[in-house]
Structure formats: C-alpha cells, structure tokens
Amino acid sequence: MLSIEELVALAFMSFLRIGVPILLLSGVLYLLKRWLEPRLDEPIKSRIRLVIPPVLISAVSLVLLFVIGVVVYLMYSHQFIGVLLQFRDLAAIAYLFVLRIGVPLILLLGIGTWLERKLNAELGHSRPGNSERLPRLRGIHLPHLSPRGILAVTILGALWAAFLGVTISRFFFGLSYITNMTDQYPWGLWLVFDMISGVAVSAGGFVMAGTVYVFNIKRYHPIVRPAVLTAFLGYLLAIVGLMFDLGRWYQVMNATYMWNLHSPLIEVAWCVMLYSTVLALEFSPAVFERFNWQVPLRIIRAIMMPIIIAGLVLSTLHQSTLGTLFLIFPEKMNPLWYSPFLPVFFFLSAIATGLSMTIVESNLSARFLGVELESHLLRGLGKAAAVVLFLYAALKVYDLISRGALAYLTVPGLHSTLYWTETGLGVFVPMLILAFKRGRENPRLLFAAAGLVVAGVVMNRLDTGLLGWWNYTNGGPIYIPSLAEIVGSISLVSIGVVAFGLIAKNLPIFEKPRHRVSPAE
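Each residue is numbered by its place in its chain's sequence as written, counting from 1. Local features in this predicted model are restricted to residues whose pLDDT is 70 or higher, and side-chain atom pairs enter the listing and the counts only when it is 80 or higher, whereas totals over whole chains, interfaces and linings include all residues. Note that water and hydrogens are dropped before the side-chain values are worked out from all heavy atoms of the structure.

On to the nonpolar core, then. Residues enter a nonpolar core if they are buried and are Ala, Val, Leu, Ile, Met, Phe, Trp, Tyr or Cys, with the set joined through side-chain atoms within 4.5 Å. Note on exposure labels: buried denotes an accessible area under 20% of the residue type's maximum, exposed denotes more than 50%, and partly exposed covers the range between, all computed with a 1.4 Å probe on protein chains only. Judged by nonpolar contacts, the single largest core of 98 residues is most densely connected at M195, F326, L381 and I509. Beyond its immediate chain neighbours, meaning those up to four positions away, F326 contacts W187, I196, M333, Y338, L342, F346, T464, G465 and W469. Grouped together as the second largest cluster of nonpolar side chains are 18 residues, Y95, F172, F244 and Y250 included. The contact definition used throughout considers only heavy atoms, calling two residues in contact when any of these lie within 4.5 Å.

Dropping the structure here:
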C-alpha cells in the first residue's frame, strides 16, 4: 500500500516525465508559429474551429495525460491494485447514489415521456415542443424520438446503469464477487461469448478488405467500410470483455514484454493487439475525409495495401489459434467438439461468419439508418458463404467419422441436442438456402440464413468453450453464468450497436446517398 508521500512523489515524477515535455513542445511550436507568420504571405490558420477555450482544452489534456501516465506507471510497477483499493469505497458510495437517485429518475422521465407520446398520438393532440415548454432549451437541438425510441433509450439507460454497477463490482471487488466461475470453470461467459465469439463475428473486416484490395473484386467496395467498422468495434469490445474476464486485469500489459513462446495465448494477444491497430488504420480514411485532412489521407492511402495484407496474415493466425487453445483440454471437452482440426474449424467458420455478418449488418443499416441495401452484392456474399459452409460441413463429417465419434450423436442428452441444433440450424439449413439462387434472391431468406450462420457460430463457440465441458451426468460441476455476467455481455453488445449507429451517422461510412429502402423489398 502506497503512503501519501509516495503518491505525491509519484504524481510529481509523472508530471515531470509527461506534462513538462508536452508544455515545452507546445511552447516551442507556438513561438515558431509566431515567428513564421510575419514572414509568410498568408497566416497559419488552424483547420479545427474550437468552441471551447484553448486554455481549458490544454488543461483537460494535461490532466488526462497525467492520469494515463500514472496508471501506466502503476501497472508496470505492479502497484496499481494497492492504489485502486483505496478508491473502492468511494466508487461504491457514488454508484449507490446514482442507483438510488439517477436510475429512478431515468425510468420516471423515460416512461412518462413514452406514455405522453403514445397518448398524444392516439388522441390526435399536438404536443408542444421542448423549446415552447422550456425556453431555456431553445439553443439546444435535441433529437426528436418516436415512442419506440424513447422506450429504447430508457431501457438502455437502465441497462447501462446496471452495467456500471457490474463494472465497479468486478474491478474493485474481484471476480468471485459477481461471477459463478470456479477453479473447474475458469473460463466463463465473458471470455467465450465476448472475446472468442466476438472475434469470430468481427471477421467481416478482413474478409471484405481482402476481397476488395487483395483479390481486386472492386464491386464490393461500397460495403468495405461498414464491415471494417463492425470489425473494429467488435475487437474493441472483445478486448473490454477480456479485461472483465482476466483475474489480474491490471497485469494485462505483461504480454508485451513477458513472453511464453510455448503458449498459444501469446500469439492471440499479440495478433489481437496488432490487428486492432490495423483496423484503426483501415478505418482512419473515413475520419480524415470527414475533417478534410488531406495529408494523412494521402499517406494512409499510399500504404493501404501493406496494411490490408498485414491484417489478412494477423487474422488468419489468431482466428485459427483461438481453436488451438482448446487442444490442451482433451479430457474436459465432449468428443463431439474436441478435434485436432479445431484450428481449421475456427478459421473456416470465421470466414463464413464474416460474410454472413456483413449481410446482417447491411440489412440492419438499411432498416434503421436509411441507407441503400446493396442487394446484388449481398447475393454474391451469400453464394460465397454457401461454399465455405459446405467445406466446413464436409470437414466436420469427415472428422467425426475418422475419430469414431459418430456414436455420440445418437446418445440422448444435452450435448447431442446442442450439436444437432448447432450444425442443423447453423450450418445445413442456411447452406441449403444460400446454395440456391431463389433463396439468395429473396432478401428475407438471405437475411434469415445469414442470421442463422452467425447464431450457429456463436453457439459453436459457446459449446466448444463452455457447454461442452459440462459433466452433469457424472456428478461433475456445472457452470451457469450469473446475472451480472449476462448483464455485462448484453451491455457490451448494446454499446457496439449504438456506437455503430452514431459513427455511421457522423462519418462517411456508406458511399452512396441515403434514402430509405426496406430490406424486405
């Protein structure tokens, strides 16, 4: 436990190492600007219009950099947990205050506004605007939400308030405080669903980027950016979910300098970190175009091909290595899922999921964001997904026969039921729909088949890493996720959906002009 004197000394040293160089650099650049302006024909103008005073921005930036520097130093010096425990009671009291006052207020305002909108719409009464009822709001442009939108915002507010409590409990009080994980089940819902399934669902980024830039199939270019954005958000949320699952999460940086070359986890850790960086670079042109930053835009376009190739290599490595993780558990997993082909299964199913998730995301964007549905492109993705599913199914059948595991399919029980559901609804049914032109040309069937593929692969990851370990017939332990774990996983998914909608509305993600098109047309 650090004393007050040690904390003060640590804060001062962090300020000297981070804040002072930034202040000196800013001062030198400012003096250089003042010296160059009289000597140039045109003054040096800032490209960004600042509404907030620059002094306030500088102060906030220094505070944030100071906090980041202190946290990083504490994590590398293994003193972070001692400082964190000192703020545990304060965080719990603050959350209880929000829970008892903020959440009831959110529910009251949200449900009240929803009832008001519903009753006014049914009775035909016109509702006065916010500026008429509250003149102080005339300068604030609030979005006009439908009754469904208000209800959704209310539910999200309550869900995220509960997620805030889960976050505080997890990081301040430990895993055992809110999870049902044990020594027999050290991998729970957060790792299997948020991380392993999230990485598979996010495979559309490398699939579409490789299709357009490496295989030079340019007609799929309009759906590259949405796929890359989905992948980028998916990987960020997968990393957040991993932080929740790690016991000593504050030592996550150890993977950068403490290497165990005999563990597949080191490859997964480095590939996920590097590929997240690659996705950020692939998505950066949308940001540069939005703010008209031409110089970095030209640079990133010049190096885009090496970035795409690096992303393909990294994705191939860690998508398959996630299956390698389970090869060390032959005595724990059910024979229906344990196989020496697990790395190949994980890679092939990730490709099928990436293609299918692009179809699902395009349909949802057309329905809720008012963008054009690229039906002719999605049909091509469906055809490619059918081919990948056929290869995946054929290899699965061959694997069961070669290992003599077909007999387990006829054993009544939970595991055989899960396997038949996973392969039947998640592989064979969508494969048959996508294999025929009539199925691909029907937007509803195409969307349903793609959704079944995504659900089937998520179920496969849950079966492989969680449900396939149950030994209830032998009197062994059973892991059932706690309510806090379920709330955390649902909240991360909802955050990703909301983030996608906000980014898509404010950045040039979709190339063609927006107009409302129903995905069922």
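Only DSSP runs of H or I with at least four residues qualify as helices, and only runs of E with at least two residues qualify as strands; both kinds are numbered from the N terminus onward. For R461, the position within the fold is in helix α17 (residues 443–465). For the charge count, each Lys or Arg is scored as positive and each Asp or Glu as negative, with His and the chain ends excluded. Each salt bridge in this description consists of a side-chain nitrogen of Lys or Arg and a carboxyl oxygen of Asp or Glu lying within 4 Å of one another. Within the buried set, R461 has no salt-bridge partner at all; the shortest N-O distance to an opposite charge, 7.3 Å, is to E422. Here a polar contact is recorded for every N or O atom pair within 3.5 Å, except that within protein the pair must consist of a potential hydrogen donor and a potential acceptor, and residues adjacent in sequence are included only if both atoms are side-chain atoms. At 3.2 Å, the side chain of R461 and the backbone oxygen of F346 are in polar contact. The contacts of R461, once residues within four sequence positions are left out, are V192, I196, S197, A200, F346, S349, A350 and L466.

The calculated volume of the largest pocket comes to roughly 1,600 Å³. Counting residues per element, the lining of the largest pocket draws most heavily on helix α18 (residues 483–506), at 11 residues. When grouped by side-chain class, the residues that make up the lining of the largest pocket number 26 nonpolar, 13 polar and four charged. Roughly 740 Å³ of internal volume is contained in the second largest pocket. Cavities and pockets are found on a 1 Å grid laid over the protein atoms alone: a cavity is a set of points where a 1.4 Å probe fits but cannot escape, a pocket is an open set with protein on both sides within 12 Å along at least five of seven lines, and a lining residue has an atom within 4 Å of such a point. Grid points are joined across faces, edges and corners, and a volume is the space filled by probe spheres set on the points. Charged residues are taken to be Asp, Glu, Lys and Arg, nonpolar residues to be Ala, Val, Leu, Ile, Met, Phe, Trp, Tyr, Cys and Pro, and polar residues to be all remaining types, Gly included.

This next bit is on empty space enclosed by the protein. For the structure shown, the criterion picks out five cavities of 30 Å³ or more. What the second largest cavity holds in volume is close to 60 Å³. Along the walls of the second largest cavity sit N363, L373, S375, L378, R379, R440, E441, P443 and L446, which together make up its complete lining. Of all the secondary-structure elements, those providing two or more residues to the lining of the second largest cavity are α14 (375–403), α16 (437–441) and α17. Considering every element that reaches the lining of the second largest cavity, the biggest residue donor is α14, with three residues. Partitioning the lining of the second largest cavity into residue classes produces four nonpolar, two polar and three charged.

Comment: axis = line fitted to C-alpha atoms, over the contacting stretch for helices; angle = value between 0 and 180 degrees taken between N-to-C directions. At their nearest, the axes of helix α10 (residues 264–291) and helix α12 (residues 304–324) sit 8 Å apart, and the two run at 145° to each other. The handedness of the crossing between α10 and α12 is left-handed. Across the interface between the two elements, P264, E267, V268, C271, V272, L274, Y275, V278, L281, E282 and P285 of α10 pack against M304, I307, I308, G311, L314, S315, L317, H318, T321, L322 and T324 of α12. Of the residues in the contact of α10 with α12, the class split is 15 nonpolar, five polar and two charged. By the definition used in this description, the sense in which the near helix is turned from the far one sets the handedness, with an anticlockwise turn below a right angle giving left-handed and a clockwise turn giving right-handed.

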